[in-house]
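Reading the structure
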Amino acid sequence: MAEYFSARGLPVPRELERNPLTDWRRLSVIAAAILVFYIGLRITNPDFSRANPEYAANVIGQLLHWDLRILTPQNEFETFWDTAEGLMVATIFLGIVATGFSILVALPLSFLGARNIMSGHPVTAAIYIFVRFFFTVIRSIDVLIVVIIFGVLIGIGTAAGVVGLAFHNVGVLGKLYSEAIEGIDAGPLEAITATGANRFQVIWTAVLPQIVNPYISFTIYRLDANVRLAPILGYVGGGGIGVLLFQSIQLLQYGAAGLIIFMIVVTVAAMDFASAQIRKRLV
Amino acid sequence: MQGRRDRPAASFFHRLPLVAAVLSIQNLVKVYPSGTRAIDDVTLDIQHGEFVVLIGLSGSGKSSLLRCINRLVEPTSGRVIFEGADITRARGGELRRIRRRIGMIFQQFNLVRRTSVLSNTLAGRLGYRSALRTIIGRPSREDVAAAFENLGRVGIADKAFARADALSGGQQQRVGIARALMQHPELMLADEPVASLDPATSHSVMKYLEEINKKDGITVICSLHFLSLARRYGTRVIALKAGKIAFDGQPDDIDERRFKEIYGEDAVEVEIGPGRSTESMSAAEAAALALAQDSTTAAAKLGLPDR
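Here the residue numbers are simple positions, counted from 1 along each chain's written sequence. Each chain gets a letter, beginning with A, and each ligand a number, beginning with 1, in the order they are written. Per-residue local features of the predicted model are confined to residues with pLDDT of at least 70, and side-chain atom pairs are confined, for both listing and counting, to 80 or more; whole-chain, interface and lining totals are unaffected and use all residues. As a rule here, side-chain values cover all heavy atoms of the structure and leave hydrogens and water aside.

**Quick notes on unusual backbone geometry**
Backbone phi values are negative for most residues with the exception of glycine, while trans is the configuration of most peptide bonds. All names here are of chain B. If you check the backbone angles, E192 has positive phi at about 50° while not being a glycine. For helices the rule is a DSSP run of H or I covering at least 4 residues; for strands it is a run of E covering at least 2, with both sets numbered from the N terminus onward. With respect to the helices and strands, E192 occurs in the loop between strand 7 (187–191) and helix 9 (199–214). For E192, a relative accessible area of 8% translates into the label buried. The residue A242 is not glycine, and still its phi comes out positive at about 50°. Only protein chains enter the accessibility calculation, which uses a 1.4 Å probe; a residue whose area is less than 20% of its type maximum is buried, one above 50% is exposed, and one in between is partly exposed. Since its relative accessible area comes to 57%, A242 is described here as exposed.

Shown next, in the form of structure tokens:
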């Protein structure tokens, strides 16, 4: 094949020059990847010697032997909200409330974080850079760490879970919202500005109609993610059904833990299905 | 300044301050941050009722000049005086009150695509309304009546409740004209209003601009790619070349030599009959048009045998 080009005095395409099976560049990349994996394996040195197949099988059996007592109040002090399904409902709403709080903050901030709205004046441009930096910083702290910190600051419980989850989501939603604004067609902005409208009227008339759909889509996406995250927050002091799961495992009540895990799986699957349906109808 | 040297009488007339000009541009310069001198010391007066056609290659400064007039683009230096008011010095509310007297239509129509034709038309009144009323108020009865009247003028009142993006290009541009008319403008800026339209639709849009110029006495400044459209609709043609005025005079005075001066030696002229869409062109015509539209140094000429 290469002769076709060389016979006509043409440069031989690079694809034809190399045999993909013997090309040293490819082989060295593959070798490097294997080396990194091997070094990692030596450093982490996972110790599988303590694994006991018999014990594991026993625990799996217990996990599947659900302890149904957690579904009903067990004494005069417990109410519906202390049962597993009550806590599951509370946890779902924890995710919803956290999303709500984050929308309240991220929505107005997202306009300050959109380059096409804020460029044009040095002061507004500085605000834009600051807001986007703020979004990036709070987004880069993992949600579990944020909840741990708020557990220390305002006390362990659902408050820490809601505030921590909301705080993290301000960064995520703020970035998504800002980018939705930056992605709009600038033509209508120009046209509405030319009619003598002020900046606020321009945003109201030319920007808002263009961002409604992406905003709803991003919000449902984050709502879905937050309801998935909420059950874990109990592990780090964020309240909800995670607390019950944590306790059951600590107390070796694997029958209860297995049932809770099943409930979480069902909830997340249902949420996944629901959000996919809503977003499909929307777009 | 070729036109001035060859036609002293015409240019003398334009520079005489006998009648107060609607628009007076003085030593306007626009340098973009990239260093491009889009407008290089342009001075011109535009009289009431003129239909000025701006021609020139892509990148010759037509769009920048139009946008400096209503300050969508901030001029680097120079002055723009509209009806005695210095636009270049105006701030905030003062600038918006000047802008609302200047209508503008765009190559890409720039409608808010997701909203109705009526909402888009009513947006032309925003300069006369407070921000608070924009949010909580409903459009007034007079504004809605005016919107339907203006949509009727451009022949699309029946589309008032359709979504803007459901309309064809020519219809969208007519909504753009209706929106501009809502401002009761004294001056209409048109930035390549027909460049995205086929030849038949182009004439329909140009005729509406001609009508508001003749019947309503609105001064029009319109940039165009097609020289034949400039000859057919313009009362005065200004050619820009690299940000400077290369010709300023009567449409009929642009002969072969001037054409080459404005568009360069490689310029191609293409003849297309009136009122025909691209589908009905001959293959050779379509090929020539495509070539002309592709090349930045080629200008297509729409020949119009007067009938």
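**Section: helix 11 (residues 199–233) of chain A**
Residue and element names in this part refer to chain A. For helix 11, spanning 35 residues, the distance from its first C-alpha to its last is only 42 Å, which falls clearly below the expected 51 Å at 1.5 Å a residue. Approximately 50° is the largest bend angle found in helix 11, and it occurs at L208, with the proline P209 only one to four residues beyond. Any pair of nitrogen or oxygen atoms within 3.5 Å is treated as a polar contact; in protein, a donor-acceptor pairing is required on top of that, and neighbouring residues in sequence qualify only through side-chain atoms on both sides. The N-capping residue of helix 11, defined by a side-chain oxygen 3.1 Å from the backbone nitrogen of F200, is N198. Multiplying one less than the number of residues by 1.5 Å gives the expected span of a helix. One axis is fitted to the seven residues ending at the residue and one to the seven starting there. The bend at that residue is the angle between these axes.

**Re the sheet that holds strand 9 (residues 236–241) of chain B**
Residue and element names in this part refer to chain B. Pairing is mixed in the open sheet, where six strands are placed in the order 6-7-8-3-9-10. Two strands lie at the open edges of the sheet, namely strand 6 (102–105) and strand 10 (244–249), each paired on one side alone. Sheet twist, expressed as the mean angle between neighbouring strand axes with direction ignored, is 15°. The rule for pairing is simple: two strands pair if DSSP sees at least two bridges between them. Bridge analysis of strand 9 against strand 10 gives five bridges, and the strand direction is antiparallel. Note on strand 10: the bridge partner recorded for K241 is K244. Across the sheet, helix 8 (residues 169–181) touches strand 6 and strand 7, and the angle it forms with strand 6 is around 170°. To obtain each axis, a line is fitted to C-alpha atoms, and for helices this fit is confined to the stretch in contact; angles are then taken between N-to-C directions over 0 to 180 degrees. Note on contacts: a residue pair is in contact if any heavy atoms of the two residues lie within 4.5 Å.

**Re the state of the cysteines**
Residues and elements named next belong to chain B. In this description, the term disulfide denotes a pair of cysteine sulfurs within 2.5 Å. Under the criterion given, the structure shown has zero disulfides over all chains. For C68, which is in no disulfide, the shortest distance to another cysteine sulfur is to C222 and amounts to 18 Å. Classification of C68 by relative accessible area gives buried; the value is 0%. Since its relative accessible area comes to 0%, C222 is described here as buried.

**Points about the interface of chain B and chain A**
Contacts between the two partners involve 25 residues from chain B, matched on the other side by 19 residues from chain A. Take the accessible area each of two parts loses on contact, using a 1.4 Å probe, and add the two losses: that sum is the buried area. A buried area of about 1900 Å², summed over both sides, lies between chain B and chain A, and 63% of it is on carbon and sulfur atoms. Any carboxyl oxygen of Asp or Glu within 4 Å of a side-chain nitrogen of Lys or Arg constitutes a salt bridge here. The interface formed by chain B and chain A includes one salt bridge. Linking chain B with chain A are seven residue pairs in polar contact (both at pLDDT 80 or more), by the criterion used here. Contributions of two or more residues to the side of chain B that touches chain A are made by helix 4 (92–99), strand 6 and helix 6 (131–136) of chain B. Ranked by residue count, the leading element in the side of chain B that touches chain A is helix 6 of chain B, at three residues. Residues belonging to the side of chain B that touches chain A are distributed by class as follows: 10 nonpolar, eight polar and seven charged. In this classification, Asp, Glu, Lys and Arg are treated as charged, Ala, Val, Leu, Ile, Met, Phe, Trp, Tyr, Cys and Pro as nonpolar, and every other residue, Gly included, as polar.

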